[in-house]
Each structure stands twice: as C-alpha cells, then as structure tokens.
Amino acid sequence: MEINRYEKILVDIANEIIGFLINHGAKKMDAQDIMQDVFVKLLQADIILTPDKLRPWLYRVALSRFYDIYRRRKRYRDILLETYAQYSEVEPVLTDYSSLQRALEQLNDYQRALIILHYDDRKRINDIAVIYNVSESKIKVDLYRTRKQLKDMMVGYENE
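Here is a short report on the structure shown in this document. (Residues numbered from 1 in each chain as written. Predicted model: local features only at pLDDT ≥ 70, side-chain atom pairs only at ≥ 80, totals over all residues. Heavy atoms only, no water.)

**Quick notes on the overall build of the protein**
1) Next: Along the backbone of the protein there are 7 helices and 0 strands.
2) Next: Its helices and strands in sequence order give the protein the pattern α-α-α-α-α-α-α, from N to C terminus.
3) Next: When the accessible surface of the protein is totalled, it reaches about 11000 Å², and 52% of it is carbon and sulfur. (Helix = DSSP H or I, 4+ residues; strand = E, 2+ residues; numbered from the N terminus. Areas by Shrake-Rupley, 256 points an atom, 1.4 Å probe, with all protein chains shown as cover.)

Quick look at the structure:
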C-alpha cells in the first residue's frame, strides 16, 4: 500500500474519532490531544496495521485514553466538592446516578464502548461490527450480556 493512501486513511479515521469523542462530551482540544496521544502510541508501538485492523485499534486506544481523562476529572471534581462543600452553606444538588456510575466503572473498556456507541452515539449494530471488525451477531450477543450484567450490578448496588 502506498504511504499517501495509508496517511489519508489515518487522517480520515482520526477525524472520525475526534468527532466521536466530541459527541461524547470531550472538548475539541481534548479530543485532538487524545488523537495526538493515540498517534504517538502508534508510532511508539512501531507496528503497521492493515486498514481493516487500524480503525478498531485506534478506537480502542482513543476510548481508553478518553476514559482515563474522564475518571481523573471526575476524581478531581469529587475532591473539590468534598473539600469546599464544608465551607459552603448551600449543599450542591447532585442527581443520584451512583449505582449506574458504579456499574459502568466495573465494565471493561470494550463493554463500556459498546454501551456508549449503541446508546449515546446511536450507532447501529452493523456500524459497531465494522468498527470492531467482528460479526453483527457477536456485537448483539456482547451487547445483550453487557446490558444484563449492568442490570444485575445496579440491582445489587441498590440492595446494599
């Protein structure tokens, strides 16, 4: 494969992933930084992936980095709320999604990505299958099992 074509594929996928990250709450600069980190990781890995394996790899690495940033910011926000809430007379109003949040945190990156792609990004099953380079039936089964696992975890957290 010629280098210019490979670079064009990389740029197209990068723009797609940046748009995906922005749709899921990342700021434009953060999404671009994440994509830059992904490219650095690709260069450091010193591997050349075929175009059919490139998209799933880039999505996995970008989503993993996005989740890391999200967790770090959530932790900082929680620390700030805890630290400065004692000085405030007004209690912050927070919606209680704790059981859902805890359950989502227990899922692996692949399971979280399935949920986000299907429900937040409204991707169809066949689009997700193309992203991960697997069959539609595997995505359907994995999505079903992930939903069931989420439900069981949430019921368990609410009964605690």
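We are not done yet, so read on.
**Observations regarding the nonpolar core**
1) Next: In terms of nonpolar packing, the biggest core is built from 43 residues, with Ile 17, Leu 21, Val 38, Leu 54 and Leu 58 touching the most fellow members.
2) Next: Among the elements of the structure, α1 (3-23), α2 (28-45), α3 (51-85), α5 (109-120), α6 (125-132) and α7 (136-158) are those that each provide at least two residues to this core.
3) Next: By residue number, the principal contributor to this core is α3, which donates 10 residues.
4) Next: With residues up to four places along the chain from it excluded, the contact list for Leu 58 reads Leu 10, Ile 13, Ile 17, Met 35 and Val 38. (Core = buried A, V, L, I, M, F, W, Y, C linked by side-chain atoms within 4.5 Å. Buried < 20%, exposed > 50% of the residue type's maximum accessible area, 1.4 Å probe, protein only. Contact = heavy atoms within 4.5 Å.)

**Some points on α1**
1) Next: Its 21 residues place the ends of α1 30 Å apart at the C-alpha level, agreeing with the 30 Å of an ideal helix rising 1.5 Å per residue.
2) Next: Phi turns positive, to about 105°, at Gly 25, one or two residues after α1. (Expected span 1.5 Å × (residues − 1).)

**A short note on the pattern of salt bridges**
1) Next: Per the stated rule, a full pass over the model turns up 10 salt bridges.
2) Next: With a closest N to O distance of 2.4 Å, Arg 112 and Asp 109 form a salt bridge. Pair noted here: Arg 112 and Asp 109 are both in helix α5, with a separation of 3 residues, about one helical turn.
3) Next: You can call Arg 112 buried: its relative accessible area is 8%.
4) Next: Of the residues examined, Asp 109 reaches a relative accessible area of 32% and is grouped as partly exposed.
5) Next: Overlapping salt bridges bring together Asp 68, Arg 71, Asp 109 and Arg 112 as one network. (Salt bridge = Lys/Arg side-chain N within 4 Å of Asp/Glu carboxyl O.)

**Observations regarding the packing of aromatic side chains**
1) Next: A complete count under the given rule lists 3 aromatic pairs for this structure.
2) Next: Considering the side-chain rings of Phe 20 and Tyr 59, the 5.5 Å spacing of their centres and the 70° angle between planes classify their relative orientation as edge-to-face. Of this pair, Phe 20 sits in helix α1 while Tyr 59 sits in helix α3, placing them 39 residues apart in sequence.
3) Next: Its relative accessible area of 1% is what places Tyr 59 among the buried residues.
4) Next: Measuring from ring centre to ring centre gives 6.2 Å for Phe 66 and Tyr 67, while their planes differ by 45°; the resulting arrangement is tilted.
5) Next: The side chain of Arg 112 reaches across the aromatic face of Tyr 67, ending 4.8 Å from its centre. (Phe/Tyr/Trp six-rings, centres within 6.5 Å; stacked < 30°, edge-to-face > 60°. Lys NZ or Arg CZ within 6 Å of the ring centre and 35° of its normal.)

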